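Each chain, letter by letter, is given below.
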Amino acid sequence: MQNKRRFEQYHRYGLLFIAPFFLAFLVFQLYPILYTIYLSFTDLKGWNPTANLVGLDNYLAIFRNPLFLKSISNTFILWGLNFVPQIGLALLLAAWFTNIKLRLRGKGFFKVAFYLPNIITAASVAILFFVLFSFPLGPINLVLQHFGVLDQPYDFFRSETGTRLIVSFIQFWMWYGQTTIVLVSGILSIDDALFESAMVDGANDGQIFRKITLPLLKPILLYTLVTSLIGGLQMFDIPFLLTNGNPNNSVLTITMFIYNQAFTGSRNFNVAATASVLLLVLSIVLSTLLFQFFKENSKVGRK
């Protein structure tokens, strides 16, 4: 009986310890989400303190908004341009760092060097690249002219393609180190006996990577893909700080569209809330599809 009372006492303490998290979640996450969903069904805009329900009008209107549709395509273009080379380079570096045969020296230094861009503030990175590619006397322009690549200075930030490539490269440069470290951790969790047995059987590095590393790394690859996708859909700081979405809204992302609707101009809170809800739904749907895709592939692999 005494032990039971003591257990109940400890149980109460446990509830007290976890209560702050749930309170913070309710106030700062759940309530804003529910209120945003509510606003997406209203006509709230400007400085008007009252909101009237309008049903699905906002959702029907936003799909006729060319700027919103362009922000969706821009977001996926920028994410694709940075994620494909990012995951490719990260897999290559992770394979090198964990290769038993190579026994590379100074791996700790390189991991820190590759991860370093991830801890630099986005504002500093944006200023750095804006200066590097500035027109007409930016270092990149001067170097390209010196080696004869360009006959005259090129205004990168007036070119839609140039601006997209710069933003994509910055995202790639900032995140490939993080992805590499995650993949290295995943490979190191694989039993070394599997690699040693394969080498004894005469398998080369490519065969070991394709037949052992990649199949066993699928859960980590899924995690990397889902987190990168969600992060890519929420891309904001670099394109906003670098060119504010210009030229011609070529790097305007979904979150920038939401910000511009809510906090600039006529303050269309209803439009911003609708876009936010659609962004949430898009993230959930795409993440679910990725989980299903990896699940089906795992079943096929086992067969």
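Residues numbered from 1 in each chain as written. Predicted model: local features only at pLDDT ≥ 70, side-chain atom pairs only at ≥ 80, totals over all residues. Heavy atoms only, no water.

An unreviewed UniProt entry lists the chain under the name Sugar ABC transporter permease protein, from Enterococcus innesii. In its Subcellular location (unreviewed entry) section, the UniProt record describing the chain reads: "Cell membrane". The annotation that UniProt attaches to the chain under Sequence similarities (unreviewed entry) is "Belongs to the binding-protein-dependent transport system permease family." (UniProt positions renumbered as here; feature names shortened; annotations may be inferred.)

Turning next to the UniProt feature "transmembrane region" (unreviewed entry) in the chain. Following the UniProt record, the feature "transmembrane region" (unreviewed entry) maps to residues 12-38, 76-100, 112-135, 165-190, 220-242 and 271-294 here. Structurally, residues 112-135 is divided into 79% helix and 0% strand, and its ends, taken at the C-alpha atoms, are 33 Å apart. Span residues 271-294 is 100% helix and 0% strand, its end C-alpha atoms 35 Å apart. (Helix = DSSP H or I, 4+ residues; strand = E, 2+ residues; numbered from the N terminus.)

Structurally, Thr 253 is set in the loop between α11 (237-243) and α12 (254-263). A polar contact of 2.7 Å, which involves the side chain of Thr 253, links it to the backbone oxygen of Met 235. With residues up to four places along the chain from it excluded, the contact list for Thr 253 reads Ser 71, Thr 75, Leu 78, Met 235, Phe 236 and Pro 239. (Polar contact = N/O pair within 3.5 Å; in protein donor to acceptor, adjacent residues only side chain to side chain. Contact = heavy atoms within 4.5 Å.)

Now for the UniProt feature "domain: ABC transmembrane type-1" (unreviewed entry) in the chain. Under the UniProt annotation, the feature "domain: ABC transmembrane type-1" (unreviewed entry) is placed at residues 72-290. Helix makes up 75% of residues 72-290 and strand 0%, and the two end C-alpha atoms of the span are 19 Å apart.

Time to look at the nonpolar core. Counting residues in each nonpolar core, the largest one holds 46 residues, and the members touching the most others are Phe 68, Leu 183 and Leu 221. Secondary structure elements with two or more residues in this core: α2 (57-62), α3 (66-98), α7 (160-188), α8 (192-200), α9 (205-216), α10 (218-233), α12 and α13 (269-302). Element by element, the count of residues in this core is highest for α13, at 10 residues. Judged by nonpolar contacts, the second largest core, of 16 residues, contains Phe 129, Phe 133, Phe 157 and Met 235. (Core = buried A, V, L, I, M, F, W, Y, C linked by side-chain atoms within 4.5 Å. Buried < 20%, exposed > 50% of the residue type's maximum accessible area, 1.4 Å probe, protein only.)

What follows is about the environment of Ser 276. With respect to the helices and strands, the residue Ser 276 is situated in helix α13. Using a relative accessible area of 23% as the deciding quantity, one classes Ser 276 as partly exposed. Sequence-wise, Ser 276 and Gly 80 are 196 residues apart; in three dimensions their C-alpha atoms are separated by 21 Å. Setting aside anything within four residues of it in sequence, one finds Ser 276 in contact with Thr 36 and Ile 258.

The peptide bond linking Phe 135 to Pro 136 adopts the cis configuration, its omega dihedral lying at 5°. Mapped onto the secondary structure, Pro 136 falls in the loop between α5 (122-132) and α6 (139-146). Phi at Asn 244 is positive, roughly 60°, even though this residue is not glycine. Of note, Asn 244 is situated in the loop between α11 and α12.

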